[in-house]
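What follows is the residue order along each chain.
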Protein chains: 2
Amino acid sequence: MKKHNFYAGPSIMPEFTINKTAEAIKDFEGMGLSLMEISHRSKQFEAVMEDAQQAFKDLLNIPEGYKVLFLGGGASLQFAMIPFNLMQNKSAYLNTGSWATKAIKEAKLFGDVDVVASSEDKTFNYIPEFTIPKDADYFHITTNNTIYGTEIKEDLDSPVPLVADMSSDIFSRPVDVSKYGMIYGGAQKNLAPSGVTFVIVKEDLLGKVDRDIPTMLDYRTHIKKGSMFNTPPVVPVYSALQTLKWLQQNGGVEAMQKVNIEKANLLYDEIQRNKLFKPTVAKEEDRSLMNVCFIMNDEYAELEKEFFEFATNKGMVGIKGHRSVGGFRASLYNALPKESVEALIDTMKEFEAKH
Amino acid sequence: MKKHNFYAGPSIMPEFTINKTAEAIKDFEGMGLSLMEISHRSKQFEAVMEDAQQAFKDLLNIPEGYKVLFLGGGASLQFAMIPFNLMQNKSAYLNTGSWATKAIKEAKLFGDVDVVASSEDKTFNYIPEFTIPKDADYFHITTNNTIYGTEIKEDLDSPVPLVADMSSDIFSRPVDVSKYGMIYGGAQKNLAPSGVTFVIVKEDLLGKVDRDIPTMLDYRTHIKKGSMFNTPPVVPVYSALQTLKWLQQNGGVEAMQKVNIEKANLLYDEIQRNKLFKPTVAKEEDRSLMNVCFIMNDEYAELEKEFFEFATNKGMVGIKGHRSVGGFRASLYNALPKESVEALIDTMKEFEAKH
């Protein structure tokens, strides 16, 4: 049976990326060797790294003065690297969920953290209002909140450098990179298998803090060496390049945004229409295009487990909501075809008809 | 033409690991999904992580009280994590090459570092004599020096916790883990594709320093969550498990050691015998079984480039020595078959006959 992959991350990858990676693991660029066993200093892999950086710049229209890095350790390591590199006296954070909460915790090790607003009072089911303090070294946001299904879908104007965790919505829409000081994220949603973290950083923000920074935690180390200071995660970087090529062949971020809006609207409309379900995020403008969270309507609460099993039997994978929200979550990343959304909607309708 | 892969790292992997990984990238455990697109919280991947930890324990006979971790960021990140977690007042390091030098540099950010000995005076071509200070929080060694071709092939007795970077000789021989406080390394030599770092740490050494440790840099974070605090590098961890299974099916570290000694002896003997070449490491007991470094004899120095091209045309890959040593380096990791060593030796003999 065809599987519809709604995992929140690691999550569905384009067939193109999967096939190209599997081929390269058998034989990389006709070298007679596997991608897994070639030197990262080989000219063939150096080209992969350079091409991936260039494709990032092309797809996101990254202006001069920014560098693209591919690092290990996950976005969670960035939560510490950001204040290590950018926070001299004070930073500001918007708390829209558990990733933001974790980022705030790390920043507090480095000085004064102004949490400008939080939606924790309502299980993070909305994006709160906020004012950005002009005396902060930077302002940090999580643009998409995978667990709670909220998303900041526009590029903010900020009086201080804007730092955005875009782990789960990078490449889902055009981004005006010039409005950001730094954009970063784990690759394992819209880009690559887990194990590589991308960082887009405005170079002139670096080198302004007084503290000693361990070499591997200093962005300047990786800029200087083109992300090859130490052995990079070769397979994930190669897979990322394949997804970037797939994006280029499929109309880039503009085309992705169009389909992503279509897919999300289809599903949110069905959740609203279907008597059994309701969305967890009340305000339409706060709803994520990437992670659609929904629960049973109160009068059908006892059907939750039954719907999960029903949907699983129809080939739906990864639709269980995070334990802190409950219910269901369908992640609609770039690689998820519209047919999978339609299959989920059919499943919801069929289940409704039974009750 | 068959390629003989002598890369220093990333380096040759067992066919078993390559094939299993390629298969899983197509379809993981019959899930109908790629290994690249499944949740790390799926029960199938949780089993991979647990099995990999268990196989480490079984293969290396790891005693109670030690934990096995799989982390991102590379061994270079460990250079900072080690003093972050273990160094209260003073640490001691043996400087046997560029990896040790880098580790020392990071430790100096955290306090007093006693470099007990260094072989830098002779381009690190020997293992120096040393005494371990009894007042150090730990003593750090690099057991195998990929660039210079030296190796500490025995488990030291240390009056303080012994911390060993075994990036390039883990699983090449039996190790008495009880003699170490911590063993760590990048996986990309004897274990897996790049992107995952293993750490074997004695749990009771942790939690003794006063400083705040960022969450991701604190070993206790990863111990508490079984290396799943954040999304682990799924593909590299899966590949590591395949290599661990391959090791188990092929007699474990005892069998590897036997073949590794055989392979290294064959090649060192030929280097000694062949009029064109000489080894860079003078003392036999200091010579690495993993990375055999050799240069042209003085009177044949001008033939270096010609031999490199001759060998390349015979299918030898990755035999160029590191630029700081020059000449040649043949890395003889576990997965390299004896036939490849014999092919290199034949090439050396054939080249000798021409001159």
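Nothing here was measured: the structure is a model prediction, and the numbers come from that model. (Residues numbered from 1 in each chain as written. Chains lettered and ligands numbered in written order. Predicted model: local features only at pLDDT ≥ 70, side-chain atom pairs only at ≥ 80, totals over all residues. Heavy atoms only, no water.)

### Examining helix H2 (residues 43-60) of chain A
Residues and elements named next belong to chain A. Its 18 residues give H2 an end-to-end C-alpha distance of 26 Å, which sits within 8% of 26 Å, the value for a rise of 1.5 Å per residue. For H2, every residue scored as buried is listed here: Gln44, Phe45, Val48, Met49, Ala52, Gln53, Ala55, Phe56, Leu59 and Leu60. Those residues of H2 hidden inside the fold are in contact with strand S2 (66-71), strand S10 (197-202), helix H6 (234-249) and helix H7 (252-273). Residue Asn61 follows H2 closely and has a positive phi angle near 55°. (Helix = DSSP H or I, 4+ residues; strand = E, 2+ residues; numbered from the N terminus. Expected span 1.5 Å × (residues − 1). Buried < 20%, exposed > 50% of the residue type's maximum accessible area, 1.4 Å probe, protein only. Contact = heavy atoms within 4.5 Å.)

### Observations concerning unusual backbone geometry
The omega torsion of the bond from Gly9(A) to Pro10(A) falls at -10°, within 30 degrees of zero and hence cis. Assignment of secondary structure puts Pro10(A) in the loop between strand S1 (4-5) and helix H1 (15-26). Notably, Ser227(B) is not glycine yet its phi reads approximately 65°, a positive angle. Mapped onto the secondary structure, Ser227(B) falls in the loop between helix H5 (219-224) and helix H6 (234-249).

### Observations regarding the relation of the copies chain A and chain B
A rotation about an axis combined with a shift along that same axis relates the two copies of the chain. It takes a turn of 180° to lay chain A on chain B, together with a shift of 0.0 Å along the axis; the resulting RMSD is 0.0 Å. One copy is carried onto the other by what is essentially a two-fold rotation axis. Here 100% of the contact residues of chain A are again contact residues in chain B; the copies associate through an equivalent surface. (Least-squares fit on C-alpha atoms with pLDDT ≥ 70 in both.)

### Regarding the side chain of Asp169(A)
Residues and elements named next belong to chain A. Mapped onto the elements, Asp169 comes out in the loop between strand S8 (162-165) and strand S9 (182-186). Buried and unpaired, Asp169 has no salt bridge, with Arg173 as the nearest side chain of opposite charge at 4.8 Å. The contacts of Asp169, once residues within four sequence positions are left out, are Thr143, Asn144, Glu151, Ile152, Asn190 and Met290. (Lys, Arg positive; Asp, Glu negative; His and termini not counted. Salt bridge = Lys/Arg side-chain N within 4 Å of Asp/Glu carboxyl O.)

### A few points about the packing of helix H3 (residues 75-86) of chain B against helix H4 (residues 98-107) of chain B
Residues and elements named next belong to chain B. Two elements in contact, H3 and H4, have axes separated by 8 Å at closest approach and are oriented at 40°. By the criterion of interaxial angle, the relationship of H3 to H4 is oblique. Judged by the twist between their axes, the crossing of H3 over H4 is right-handed. The residues of H4 that touch H3, namely those facing Ser76, Phe79, Ala80 and Pro83, are Trp99, Lys102, Ala103, Glu106 and Ala107. Considered class by class, the residues forming the contact of H3 with H4 number six nonpolar, one polar and two charged. (Axes fitted to C-alpha atoms, helices over the stretch in contact; angles between N-to-C directions. Parallel < 35°, antiparallel > 145°, perpendicular 65-115°, else oblique. Left-handed = near helix turned anticlockwise from the far one by under 90°. Nonpolar A, V, L, I, M, F, W, Y, C, P; charged D, E, K, R; others polar.)

### Notes on the domain arrangement of chain A
All names here are of chain A. Domain boundaries assigned for chain A yield domain 1 (15-249) and domain 2 (252-354). Centre-to-centre, using C-alpha coordinates, domain 1 lies 27 Å away from domain 2. With 26 residues of domain 1 at the interface, the matching set in domain 2 holds 26 residues. In this assembly, domain 1 packs against domain 2 so that about 2100 Å² is buried in total across both faces, 54% of it on carbon and sulfur atoms. Contact with domain 2 buries surface across domain 1, with Ile147, Lys153 and Pro174 losing the most and accounting together for 22% of the total. The element best represented in the side of domain 1 that touches domain 2 is H6, accounting for three residues. Broken down by class, the residue content of the side of domain 1 that touches domain 2 amounts to ten nonpolar, eleven polar and five charged. (Domains from an automatic or database assignment. Buried area = accessible area lost by both parts, 1.4 Å probe.)

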